[in-house]
Amino acid sequence: ALYSDPAQLPQKEYDFVIVGGGTAGNVLAVRLSEVSSFSVLVIEAGPSNTEYPEIAIPFEFSSVLANPNISWNYYTTPQIGLNNRSISYPRGKVLGGSSSINAMIWTRTSVDDWDRYAAVTGDPGWSWNAMFPYMLRTEGLVPPASDPTPANPGSGEFNFATDYGRLNPAVHNTTGPVNVSLAGYPGDITSRVFQTSFELPELFPYVLDANAGYPLGVGFAQYSINSLGRRSSSATAYLEPAINRSNLDVLITTQVTRLIAAVDSAITSLPTFTTVEIAQSANGTRYTVSANKEIILSAGSINTPQLLLLSGIGAPSALAAHDITLLVNSSGVGAGLQDHPSLESQWYVNSTGTFDTVLRNATLQAEALSLWESEGRGLYVEPGDVQVVWKRLENENVVFGPGGYLDPAAGPSSPHIEMLPNDGFVSIIESLPDTGNFLTMVTSVVSPASRGSVTLASADPFDAPLIDPGLLSDPFDVLAAVQSVNQSRQFLSAPTWDDYILREAPDLAAAQSEAELEAYARNGASTIWHPTATARMGAPDDELAVLTSDLRVKGAQGLRVVDASIFPYVPAGHPQACVYAVAERAADLIKEAWGVL
Ligand SMILES: Cc1cc2nc3c(=O)[nH]c(=O)nc-3n(C[C@H](O)[C@H](O)[C@H](O)COP(=O)(O)OP(=O)(O)OC[C@H]3O[C@@H](n4cnc5c(N)ncnc54)[C@H](O)[C@@H]3O)c2cc1C
């Protein structure tokens, strides 16, 4: 059942206490409560997703992510690589967590990404082949909104209405909880993006399905969106159907303030975490709830390291600075934050068919919203993009050759760069100009070399931690960001764009020399919101690994981390599908540990 007041909770003890009803937390809640003898409590700091119906509208995601009632409203520290700018750093604070506020792009990344996780942890269970069944388990592929025709491979000329060679059904599952679909609205540029892969096949080959482990090329993006054009989140896909289970309780609008080790911990060699302290506000009453079996931290890549530190798990100096008693010496907590720097570059286009036209016209917006509501059709069923381009750097041999950079990508199947062609003006920094129609290339460095950190600003759990993603702090990432702009220009040089592209937006047009492009990147870059690796798993002898490969906190008992913090490297793609798959595997690891699998 759902509770919003800790005083109303029917039990003080559960087998499993899950901290965070977000992407991973809800998967665990549902999988663990499948075992009728387990009792499970989820504690979520934010409200219920059902109180915010706009969460369901894909096209509204940019206002949803900025809604202060369902986000932690974080900012980064001044970023040296971004000319000392502090940038907004939204994280979901609502049931579903960031899966309720994200841009819904669904990518499993590459074979090499997963095989690297297996290699660095020494656990073959994290390899692509071993994780593939979990990627399938979480997914329920459905036809896109307003497009119920089954897949029908085609090639060459692209016709949105009849050509469905847009994914490979053999690598998908139709029966899992999260609805995944292709974009349900054709947009203005879809056929030209597709055509580019035929006009420049050496540079931008067509890839039928980027979720088959080999993403490089131009392909149709997949989204966590259902056939009615509604967002599918861990709240709607996992939690809602299970919320009435008698062995599952969910407590919302309540923050876990620290984890408490059992008093008799001192007599065992490792502290055993058995209890969570919770509160609804900084000065509110503190309550406690206990876990008979395990506490599972699924608070996300910012709040998980914050909670570990607040609970005495971290580097001795980081804890001493805030007078927190050290229980577990773990210097990797918060240390390895990795994120994807992104840039938005705009071109003026010779069309009125982009979404800019709708965004400037309240009547058209109301019509689009009503079409979405009544029929699940039209512009509002997708977030503004349809396809995605995954690329490695040009002149790789030069970039990574003798005297060059170390290649931060996991291997040859992993991209360095992502390009997302958007059907209108998209910018985190500027608002929509009064006139003109646009194409935006949202580009990101998806295999970055930079790393940053999450540290405590104070010992008060209601204070935001210090978030330093280190964006563009490594020179390789600057080079890759510059190349992402060069490659966008190359992409739009295909003949199919000749009668469509008018000119570059002024700030882009001014960025021509290497130095100008670097300045353009540093002035314009932000994040595509993929922080990871703040409590990473690793091999037993890896001192900076916070977790063993079965996601237990090293040096402690009774405590696991299951969320985006666990990745040793940021996945070279959008991480949500990876987080779901990790949580599915984690549920099996936990069931196995307690003898029910
Ligand atoms: C704006 C945005 C856009 C994105 N776009 C995409 C995309 O298009 N595709 C993609 O694949 N990925 C995207 N991502 C990333 C992806 O959504 C995340 O990597 C993923 O959802 C993280 O899952 P998680 O379980 O680690 O954390 P979350 O889903 O964030 O869950 C953590 C939960 O824990 C709760 N919590 C935190 N601290 C506490 C506490 N102390 N007590 C109680 N509860 C707590 C939070 O409120 C939250 O609900 C995006 C992210 C954002 C923010």
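The structure displayed is predicted, hence computed values, not measured ones.

(A) Focus on the packing of aromatic side chains. Summed over all chains, the structure comprises 24 aromatic pairs. Among the aromatic residues, those joined into a cluster by ring pairs are Phe-194, Phe-198, Tyr-206 and Phe-220. The positively charged end of Lys-93 is found above the aromatic ring belonging to Trp-72, 4.3 Å away from the centroid. Here Arg-116 stacks its cationic end above the ring of Tyr-569, 3.5 Å away from the centre of that ring.

(B) Expanded view of the confidence of the model for the chain. Mean pLDDT over the chain works out to 95, with 96% of the residues at or above the 70 mark. Here residues 148–163 scores under 50 on pLDDT; set against residues more than four positions off or in separate chains, the count is 33 contacts. The ipTM, which scores confidence in the relative placement of chains, is 1.00 for this predicted complex, and the corresponding pTM is 0.97.

(C) Broad picture of the site of the ligand. In the vicinity of the ligand lie 39 residues, with Thr-23, Glu-44, Ser-98, Ile-105 and Gln-576 positioned nearest. Contacts to the ligand include Asn-303, whose side-chain N or O atom sits 3.5 Å from a nitrogen atom. Interatomic distance of 3.3 Å between a backbone N/O atom of Pro-575 and an oxygen atom of the ligand. When the ligand sits alone it has 1,000 Å² of accessible area, and the protein chains cover 99% of it. For the shell around the ligand, the secondary-structure elements that each account for two or more residues are helix H1 (23–32), strand S11 (255–261), helix H7 (300–310) and helix H15 (576–593). The dominant element in the shell around the ligand, judged by the number of residues it contributes, is H7, at three residues.

(D) Expanded view of the pairing of strand S16 (residues 341–349). Of all the nine residues making up S16, nine are buried; the element is thus mostly covered by neighbouring parts of the structure. Residues Pro-341, Leu-343, Ser-345, Trp-347 and Val-349 point to one face of S16 and Ser-342, Glu-344, Gln-346 and Tyr-348 to the other, with burial holding for every one of them. Relative to strand S23 (residues 526–527), S16 is paired through two bridges, and the arrangement is antiparallel. Its bridge partner lying in S23, Pro-341 is registered against Thr-527. In this sheet, strand S22 (residues 501–504) lies alongside S16 in antiparallel orientation, the contact comprising three bridges. Looking across to S22, one finds that Trp-347 is bridged to Glu-504.

(E) Fine view of helix H5 (residues 190–199). Every buried residue of H5 is listed here: Thr-190, Val-193, Phe-194, Thr-196 and Ser-197. End-on, the buried residues of H5 take up no more than an arc of 145 degrees, which puts them together on one face. Contacts made by the buried residues of H5 are with strand S8 (217–220), strand S17 (387–391), strand S18 (417–422) and helix H12 (475–491).

(F) Quick peek at the sheet that holds strand S7 (residues 178–182). Read from one edge to the other, the open sheet built from three strands follows the order S6-S7-S9, with strand pairing classed as mixed. Looking at strand neighbours, the two that pair on one side only are strand S6 (139–141) and strand S9 (222–223), the edges of this open sheet. Sheet topology note: the S6/S7 ladder contains three bridges and is parallel. Bridge assignment links Leu-141 to a residue of S7, and that residue is Val-180.

(G) Representation of the environment of Arg-503. Looking at the secondary structure, you find Arg-503 in strand S22. For the pair Arg-503 and Ala-145, spaced 358 residues apart in the sequence, the C-alpha separation amounts to 33 Å. Every residue in contact with Arg-503, bar those within four places of it in the chain, is listed here: Trp-347 and Tyr-348.

(H) Seen up close, the environment of Ala-183. Inspection of the secondary structure puts Ala-183 in the loop between S7 and H5. Residue class for Ala-183 comes out buried when judged on its relative accessible area of 3%. For the pair Ala-183 and Tyr-223, spaced 40 residues apart in sequence, the C-alpha separation works out to 7.0 Å.

(I) Focus on the pairing of S17. Counting buried residues in S17 gives five out of five residues, a clear majority hidden from the surface. Judged by which residues are buried, S17 turns out to be covered on both faces: Gln-387, Val-389 and Lys-391 on one side and Val-388 and Trp-390 on the other are all buried. One ladder, built from four bridges, connects S8 with S17; its direction is antiparallel. Its bridge partner being in S17, Gly-219 is matched across the sheet by Val-388. Pairing of S17 with S18 involves three bridges; the strand directions are antiparallel. When the sheet's bridge partners are listed, Trp-390 is paired in S18 with Glu-418.

(J) Spotlight on unusual backbone geometry. Here Asn-83, not a glycine, exhibits a phi torsion of approximately 55 degrees, which is positive. By secondary structure assignment, the location of Asn-83 is in the loop between strand S4 (74–75) and strand S5 (88–89). Located in the positive-phi region is Thr-253, a residue other than glycine, with phi close to 50 degrees. Exposure remark for Thr-253: the relative accessible area of 30% places this residue in the partly exposed category.

(K) Region of the structure containing the packing of H1 against helix H6 (residues 234–242). Direction vectors running N to C along H1 and H6 enclose 25 degrees, while the axes themselves pass 9 Å from each other. In terms of orientation, H1 lies roughly parallel with respect to H6. As H1 runs across H6, the sense of the crossing is left-handed. Between H1 and H6, the residues in contact are Thr-23, Asn-26, Val-27, Val-30 and Arg-31 and Ser-234, Ala-235, Tyr-238, Leu-239 and Ala-242, respectively. Looking at the contact of H1 with H6 residue by residue, the classes come out as six nonpolar, three polar and one charged.

(L) Molecular detail of the pattern of salt bridges. Within this structure, the stated rule accounts for 18 salt bridges. The closest approach of N and O atoms between Glu-139 and Arg-108, which form a salt bridge, is 2.5 Å. Placement of Glu-139 in strand S6 and of Arg-108 in the loop between S5 and helix H3 (111–121) is noted, with a sequence separation of 31 residues between them. Like Glu-139, the residue Arg-108 is buried in the burial classification. Between Glu-518 and Arg-522 there is a salt bridge; the shortest N-O distance is 3.1 Å. One end of the pair, Glu-518, and the other, Arg-522, are both in helix H14 (residues 514–524), four residues apart, so they sit about a helical turn from each other.

Thresholds applied
- Residues numbered from 1 in each chain as written.
- Predicted model: local features only at pLDDT ≥ 70, side-chain atom pairs only at ≥ 80, totals over all residues.
- Heavy atoms only, no water.
- Phe/Tyr/Trp six-rings, centres within 6.5 Å; stacked < 30°, edge-to-face > 60°.
- Lys NZ or Arg CZ within 6 Å of the ring centre and 35° of its normal.
- pLDDT = per-residue confidence, 0-100.
- Contact = heavy atoms within 4.5 Å.
- Near = heavy atom within 4 Å.
- Polar contact = N/O pair within 3.5 Å; in protein donor to acceptor, adjacent residues only side chain to side chain.
- Areas by Shrake-Rupley, 256 points an atom, 1.4 Å probe, with all protein chains shown as cover.
- Helix = DSSP H or I, 4+ residues; strand = E, 2+ residues; numbered from the N terminus.
- Buried < 20%, exposed > 50% of the residue type's maximum accessible area, 1.4 Å probe, protein only.
- Pairing = 2+ DSSP bridges.
- Arc of directions from axis to C-beta.
- Axes fitted to C-alpha atoms, helices over the stretch in contact; angles between N-to-C directions.
- Parallel < 35°, antiparallel > 145°, perpendicular 65-115°, else oblique.
- Left-handed = near helix turned anticlockwise from the far one by under 90°.
- Nonpolar A, V, L, I, M, F, W, Y, C, P; charged D, E, K, R; others polar.
- Salt bridge = Lys/Arg side-chain N within 4 Å of Asp/Glu carboxyl O.

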